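Inside the fold
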Amino acid sequence: MNGGRSPRRAVAAADRTRQPTEVRRRLIVEAAVPLIAERGYASVGVRDVAGAAGVSVGTVTYHFGSVQEILSEAMVLQIERYYAALSETADRATNGAEGLRLLVDALFTQDTDRHWRMWFEYWNAGEHHPDPAFARGQERRYESWHRQIRTLAERGLADGEFTCNDLDGFTARFAALADGLALQRLRQTPPLSTQDARRHLNRFIETELGLRSATS
């Protein structure tokens, strides 16, 4: 018997334990990542994030000024994590040609569809984001991506693996083709497998740099 007392409301573990602000913020942001990937940026609300994080709505609104702030941080977190892994993959290469092939392999796997969904959501959000710092962050991330591609091409060029008279052009076209293939992969119109996406990028490298593709 409970003596007529009302049962205590269940409280999420994160709310039962006092945690540093940055830990709470990270927990909330981490919970938002799969929501954005599955539903899209515009379809996620504060209650969705609170439920996924296992905290109260009040906890979410205490730590963040808006849902947009949460979702923006979530997208940046996932994108930075993804490209850090790409950099580690490329750094393991013994030469520039191998680095480019490893980069292509890492761009298209069964696990990277989530990244590409987040990537396109990230750029779409930039069209409506009022903070200029958000746009500058987008620019820095794309510049970093271009720099990574160009560095591998320069490495192969220095080692005599291939020739190129327009590294800036190669870099821009590689990035654009990767984006286009990723969009086709997500939309599946027409259908595109990860293997075919890799094959198209490797063939592009072969054509542009005179490099024999390992998958052709």
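The rules we used
Residues numbered from 1 in each chain as written. Predicted model: local features only at pLDDT ≥ 70, side-chain atom pairs only at ≥ 80, totals over all residues. Heavy atoms only, no water. Helix = DSSP H or I, 4+ residues; strand = E, 2+ residues; numbered from the N terminus. Expected span 1.5 Å × (residues − 1). Buried < 20%, exposed > 50% of the residue type's maximum accessible area, 1.4 Å probe, protein only. Contact = heavy atoms within 4.5 Å. Axes fitted to C-alpha atoms, helices over the stretch in contact; angles between N-to-C directions. Left-handed = near helix turned anticlockwise from the far one by under 90°. Nonpolar A, V, L, I, M, F, W, Y, C, P; charged D, E, K, R; others polar. Core = buried A, V, L, I, M, F, W, Y, C linked by side-chain atoms within 4.5 Å. pLDDT = per-residue confidence, 0-100.

Between its terminal C-alpha atoms helix α9 (residues 167-187) stretches 30 Å, which fits the 30 Å expected from 21 residues at 1.5 Å a residue. Among the residues of α9, Leu167, Gly169, Phe170, Thr171, Phe174, Ala175, Ala178, Asp179, Leu181, Ala182 and Arg185 are the ones counted as buried. In this structure, the buried side of α9 is in contact with α6 (96-107), α7 (113-126), α8 (132-158) and α10 (194-209).

A few words on the packing of helix α5 (residues 67-91) against α6. Put simply, α5 and α6 touch, their axes get as near as 9 Å, and they point 145° apart. The two elements α5 and α6 meet at a crossing, and its hand is right-handed. Within the contact between the two elements, α5 uses Tyr82, Leu86, Thr89 and Ala90 and α6 uses Gly99, Leu102, Leu103, Ala106 and Leu107. Across the contact of α5 with α6, the residue classes tally to seven nonpolar, two polar and no charged.

Moving on to the nonpolar core. Within the largest apolar cluster, 59 residues are counted, with the highest numbers of intra-cluster contacts made by Leu107, Trp145, Phe170 and Phe174. When residues of this core are traced back to their parent elements, those giving at least two are α2 (21-39), α3 (46-53), α5, α6, α7, α8, α9 and α10. Residue contributions to this core peak at 11 residues, all from α5. Aside from chain neighbours lying at most four places away, what touches phenylalanine 174 is Leu103, Val104, Leu107, Trp145, Ile149, Leu201, Phe204 and Ile205.

Before going further, it helps to spend a moment on the side chain of glutamine 78. For glutamine 78, the location among the structural elements is in helix α5. Sequence-distant contacts of glutamine 78, that is, excluding residues within four places in its chain, are made with Val33, His115 and Met118.

Here the focus is the confidence of the model for the chain. Within the chain, residue pLDDT values average 85, and 88% of them lie at 70 or more. Scored below 50 in pLDDT, residues 1-16 shows 13 contacts in the model against residues more than four places distant or in partner chains.

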